[in-house]
Amino acid sequence: MSVYEVLEKWDIKNYRVIDEQAIEEITLGASILATGGGGDPEIGLLWTLGTIEKGKDIVLINPEDVPDDVMGASVGCLGAPIVLTEKPPSHNVLEKAFKELSRYLGENLEVVIPFECGGVNSTVAYAIAGELGIPVIDVDGMNRAFPELHQTSWVANGSHASPAVSVDDRGNMTIIDTKEDNLRAENIARNAAMAYGGISWKASYPLTGREVKEKSILYSQSIAWEIGKAVSEARQNHRNPIDEIIKKLKETRGVESFKVFNGKIVDINRDFGGEATKGFSSGKIQMEGMGEYKNQIAEIDFQNEWLRLKIDGETLSLPPDLITILDNETGEPIRTDIMKYGYRGSILLIPAQERMRTEKGLEIFGPSYFGYEESYEPVEDIVAKKGR
């Protein structure tokens, strides 16, 4: 059955075909929202471009059009982004994981659910959907990237990360079924990734169409796409890409985002060995202010993704709100796995989606989960209070 036969069966007439330009724009926008993590976006982009070049159709559908009883799942990689750069996957790892999850569940998985807006994990969903001839839903589980498997709006709103299947490019496979214990699912998946050499490829979050609509970040792929388009057009027309991102977030999400710093990286403190012992890239950077921010110092902690921002010792952002560092000329995000001393950029803060700010959500990806003693306060409230 082709993807168009699936759409006909569900009586879906409103859909978008993803071509080369579209996937490049989606990749760029998702990378900006990835808060410095999510893995090398080029891997997912090239993977998806290869699928399109083979003549496979990739179709994005609206969440409200998915039948309530249809089952789908997410795909992506798990582990330390810096390892992914050194260990790109073989072409069939995610297809293998997706099919094995379907077999284990005894369910026909008929749709791909993007895991996050972040680097490789945003775009590989499109590649696998194209290979399997099924649609992609315009949602994800966070509209950013987070380091751990269970840190999603789905878990924050009552669904479960497992059953899940983890594979590597040598054919090793781990089936994870921890019932309702999502943290245990993360721990097993993390240990599998470390046993595989630092990175695993997974199919997880089997969800019904009803769960997707009730618990996902809706239209997150469209948000990423619009941001990517805005930055591409800014480059072509010599406009400020960061201003365009701020405008587009206001248009698409109705939220204010905040440029709070501009400077260069003057110190990087990495927790070396964490990729092998913990399955994460973690540490802290320091930036020295430039221009109107001269004589100010910014410090950002990271665990795969940027987590907490302090400027001159005052906290301006805590998880789950988004911190992104952007090149001033191109709008390209500076990622935790490629940053170097001397890199220059502006820090943009973006409010998290409301489905990420639930009580359960703050338990599993709020400040206390990452060891901070500070209570969560929405970034827009902090910025207003500090007068920035």
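Here's what I pulled together on the structure shown here. Residue indices follow the written sequence of each chain, beginning from 1 at its first position. With the structure being a predicted model, the display of local features is reserved for residues of pLDDT at least 70 and the display and counting of side-chain atom pairs for 80 or more, all residues being used for whole-chain, interface and lining totals. Heavy atoms throughout the structure, all of them, feed into the side-chain values; hydrogens and water do not.

Observations regarding the overall build of the protein
The helix and strand inventory of the protein stands at 14 helices and 17 strands. As defined in this context, the radius of gyration uses C-alpha atoms, and a globule is described by 2.2 Å times the residue total to the power 0.38. For the protein, the C-alpha radius of gyration of 20 Å lies close to 21 Å, the compact-globule estimate for 388 residues. Projected onto the principal axes, the alpha-carbon positions of the protein cover approximately 60 × 45 × 35 Å. Relative to its full complement of 388 residues, the protein shows a buried share of 61%. Whether two residues are in contact is decided by their heavy atoms: any pair within 4.5 Å suffices. A fraction of 76% describes how many contacts in the protein between residues 6 or more apart in sequence connect residues 24 or more apart. Each accessible area value is a Shrake-Rupley result obtained with a 1.4 Å probe; residue values ignore everything except the protein chains displayed when judging cover. In the form shown here, the protein has an accessible surface area of approximately 14,800 Å², with 45% of it arising from carbon and sulfur atoms. Strands here mean DSSP runs of E at least two residues long; helices mean DSSP runs of H or I at least four residues long; both are numbered from the N terminus. Only protein chains enter the accessibility calculation, which uses a 1.4 Å probe; a residue whose area is less than 20% of its type maximum is buried, one above 50% is exposed, and one in between is partly exposed.

Side note on the packing of helix α5 (residues 93-105) against helix α6 (residues 119-132)
Where α5 meets α6, the closest approach of the two axes is 10 Å, and the angle between their N-to-C directions is 70 degrees. Looking at the two axes, α5 sits roughly perpendicular to α6. For the crossing formed where α5 meets α6, the hand is right-handed. Residues L94, E95, F98 and K99 of α5 touch α6, and the partners they reach there are V124, I128, E131 and L132. By the convention adopted, Pro, Cys, Tyr, Trp, Phe, Met, Ile, Leu, Val and Ala count as nonpolar, Lys, Arg, Asp and Glu as charged, and the other residues, Gly among them, as polar. For the contact of α5 with α6, a count of residues per class yields 5 nonpolar, no polar and 3 charged. Simply put, an axis is a line fit to the C-alpha atoms, just over the touching stretch for a helix, and the angle between two N-to-C directions goes from 0 to 180 degrees. Note on angle classes: values under 35 degrees are labelled roughly parallel, values over 145 roughly antiparallel, values of 65 to 115 roughly perpendicular, and the remainder oblique. We call a crossing left-handed when the near helix sits turned anticlockwise from the far one by less than a right angle, and right-handed when that turn is clockwise.

Structural notes on the sheet that holds strand β14 (residues 305-311)
Any two strands between which DSSP finds at least two bridges are classified as paired. In space, the 7 strands of this open sheet follow the order β15-β14-β13-β12-β11-β17-β16, with antiparallel pairing throughout. In the strand order of this sheet, the two ends are held by β15 (314-317) and β16 (322-326), each with one partner. Neighbouring strand axes in the sheet, compared pairwise and without regard to direction, differ in orientation by 35 degrees on average. Sheet topology note: the strand β11 (residues 258-270)/strand β17 (residues 344-350) ladder contains 6 bridges and is antiparallel. Looking at the pairing, G263 lines up with G345 of β17. Where helix α14 (residues 379-386) meets the sheet, its contacts fall on β11, β15 and β17, and the angle it forms with β15 comes to roughly 135 degrees.

Here we look at the packing of helix α2 (residues 20-33) against helix α10 (residues 220-237)
The geometry of α2 relative to α10 is characterised by a closest axis approach of 7 Å and an angle of 100 degrees between their N-to-C directions. Taken together, the axes of α2 and α10 are roughly perpendicular relative to one another. Note on element contacts: α10 touches α2 through Q221, I223, A224, W225, I227, G228, K229, V231, S232 and R235, opposite A22, E25, I26, L28, G29, A30, I32 and L33. For the contact of α2 with α10, the residue count by class is 11 nonpolar, 4 polar and 3 charged.

Quick notes on the nonpolar core
Only buried residues count toward a nonpolar core, which is a set of Ala, Val, Leu, Ile, Met, Phe, Trp, Tyr and Cys residues joined through side-chain atoms within 4.5 Å. The biggest cluster of nonpolar side chains holds 56 residues, and the ones touching the most others in it are L33, L149, Y205 and I245. Sequence-distant contacts of L149, defined by excluding residues within four places in its chain, comprise L78, F115, A161, A185, E186, A189, R190, K202, S204 and Y205.

Describing a negative patch on the surface
There is a patch of like negative charges on the surface, built from D19, E20, E24, E42 and E53. Elements that contribute at least two residues to the negative patch include exactly α2 and α3 (41-53). Following the sequence through the fold, D19 ends up in the loop between β1 (15-17) and α2. Residues with no salt bridge and a relative accessible area higher than 30% make up the patches, which join like charges within 9 Å and nonpolar side chains (Val, Leu, Ile, Met, Phe, Trp, Tyr) within 5 Å. Any Lys or Arg side-chain nitrogen found within 4 Å of a carboxyl oxygen on Asp or Glu counts as a salt bridge. Counted as positive: Lys and Arg. Counted as negative: Asp and Glu. His and the chain ends are not counted at all. Taken as the charge location is NZ of Lys, CZ of Arg, CG of Asp or CD of Glu.

Structural notes on the pairing of strand β12 (residues 282-289)
Two strands pair when backbone bridges link them, and β11 and β12 are joined in this way by 7 bridges, in the antiparallel orientation. Bridge pairing links N269 to K284 in β12. Strand direction decides the pairing type here: β12 and strand β13 (residues 297-303), joined by 7 bridges, are antiparallel. When the bridges of β13 are listed, M287 appears paired with A298.

With respect to a nonpolar patch on the surface
A cluster of nonpolar side chains, Y104, M173 and I175, forms an exposed patch at the surface whose accessible area comes to about 240 Å². The topology assignment puts I175 in strand β8 (residues 173-176).

Describing the packing of aromatic side chains
Each Phe, Tyr or Trp ring, with Trp reduced to its six-membered ring, pairs with another whose centre is within 6.5 Å; inter-plane angles below 30 degrees give stacked pairs, above 60 give edge-to-face pairs, and intermediate values give tilted ones. Applying the stated criterion to the full structure yields 10 aromatic pairs. Aromatic pair F146 and F370: ring centres 6.1 Å apart, planes at 20 degrees, arrangement stacked. Of the two residues, F146 sits in the loop between β6 (139-140) and α7 (153-156) while F370 sits in the loop between α13 (359-365) and α14, which places them 224 residues apart along the sequence. The same class applies to F146 and to F370, which are both buried. Three or more aromatic residues joined by ring pairs form one cluster here, namely F146, F365, Y369 and F370. One residue, K202, lies across the ring of F115, its end atom 3.6 Å from the ring centre. As a reminder, the over-ring test applies to NZ of lysine and CZ of arginine, requiring each to be within 6 Å of the ring centre and within 35 degrees of the ring normal. Of note, K229 hangs over the ring of W225, and the distance from its end group to the ring centre comes to 5.1 Å.

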